[in-house]
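As a plain string of letters, each chain reads:
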Amino acid sequence: ALATYLRQSGLSIGEVGLFIASLYAPWGFKPFWAPIVDLVDLRRFGHYRSWIVFAQVMMILTLALVWAVDPGTNLKLLTLLIVIHNVFSATQDIAIDALAVNVLPAHERGVANGFMFGASYLGQALGGSGALFIAGRFGFGASYPFVCGLLALLLVGVSLRLVEPQRALA
């Protein structure tokens, strides 16, 4: 939706393409910071749960900052904020996958992975279509609080309620 909005704001195809390419960069670097997620441990709140909650809070905050940026006039700042947002999104992905691997028996991981992918795509479809609906009805700026609200619902309804088994002390 944002790429379409940028194009309609008069940005060139090249500028929009570079913006989109930048968004995927954090996902390519996940293997380099995944060990940090494994090593930095806040046992009091649950190791991976802490990372998940932290990442979600930061995703909400970065989107709130993006809301204040005019995408058509400040593409560099917009790109920087969205890349930072995606760093937190990719970090959350690392922590969720690691939590699943640590709590699920080996024979259940394949099915769980399928459900996780399916739920991810369903969430993207519903959230994306909802954001487009909101943008079409109330203007593009209204889609930011909608998406932040969805992330906050996940934070409160799921992530803060996670119960993570204690990891053995290393």
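Just so we're clear, the structure is a prediction, and the values are computed from it rather than from any experiment.

This part is about the pattern of salt bridges. Tallied over the entire structure, the rule returns 1 salt bridge. We note a salt bridge from K30 to D93, for which the minimum N-O separation is 2.4 Å. Of this pair, K30 sits in helix α3 (residues 30-39) while D93 sits in helix α5 (residues 75-103), and the two are 63 residues apart along the sequence. When its relative accessible area of 18% is taken as the criterion, K30 is described as buried. In this structure D93 comes out as partly exposed when scored by relative accessible area, which is 24%.

Moving on to helix α2 (residues 13-28). Taking 1.5 Å as the rise per residue, α2 with 16 residues should run 22 Å; its terminal C-alpha atoms sit 23 Å apart, in good agreement. Contact partners of the buried residues in α2: α1 (2-8), α3 and α5.

Here we come to the packing of aromatic side chains. All chains considered together, the criterion is met by 5 aromatic pairs. Seen in terms of ring centroids, Y5 and F140 are 4.3 Å apart; in terms of plane orientation they differ by 10°. Their pairing is stacked. In this pair, Y5 sits in helix α1 while F140 sits in the loop between α6 (109-138) and α7 (143-157), placing the two residues 135 residues apart along the sequence. Here the aromatic rings of F117 and Y121 are separated by 6.1 Å at their centres, their planes lie at 40°, and the arrangement is tilted. Of the two residues, F117 and Y121 both sit in helix α6, 4 residues apart, roughly one turn of that helix.

A few words on a nonpolar patch on the surface. Taken together, the side chains of I20, Y24 and W27 make up a nonpolar region of the molecular surface, amounting to roughly 310 Å² of accessible area. Structurally, I20 can be placed in helix α2.

Turning next to the packing of α2 against α3. Viewed as axis vectors pointing N to C, α2 and α3 meet at an angle of 50°, and their least axial separation amounts to 6 Å. Of the possible angle classes, the one that applies to α2 and α3 is oblique. Residues P26, W27 and G28 of α2 form the contact with α3, whose participating residues are K30, P31 and W33. Looking at the contact of α2 with α3 residue by residue, the classes come out as 4 nonpolar, 1 polar and 1 charged.

How each quantity is defined
Residues numbered from 1 in each chain as written. Predicted model: local features only at pLDDT ≥ 70, side-chain atom pairs only at ≥ 80, totals over all residues. Heavy atoms only, no water. Salt bridge = Lys/Arg side-chain N within 4 Å of Asp/Glu carboxyl O. Helix = DSSP H or I, 4+ residues; strand = E, 2+ residues; numbered from the N terminus. Buried < 20%, exposed > 50% of the residue type's maximum accessible area, 1.4 Å probe, protein only. Expected span 1.5 Å × (residues − 1). Contact = heavy atoms within 4.5 Å. Phe/Tyr/Trp six-rings, centres within 6.5 Å; stacked < 30°, edge-to-face > 60°. Patch = residues over 30% accessible without salt bridge, like charges linked within 9 Å, V, L, I, M, F, W, Y side chains within 5 Å. Areas by Shrake-Rupley, 256 points an atom, 1.4 Å probe, with all protein chains shown as cover. Axes fitted to C-alpha atoms, helices over the stretch in contact; angles between N-to-C directions. Parallel < 35°, antiparallel > 145°, perpendicular 65-115°, else oblique. Nonpolar A, V, L, I, M, F, W, Y, C, P; charged D, E, K, R; others polar.

Don't take any of this as a statement about function, it's just geometry.
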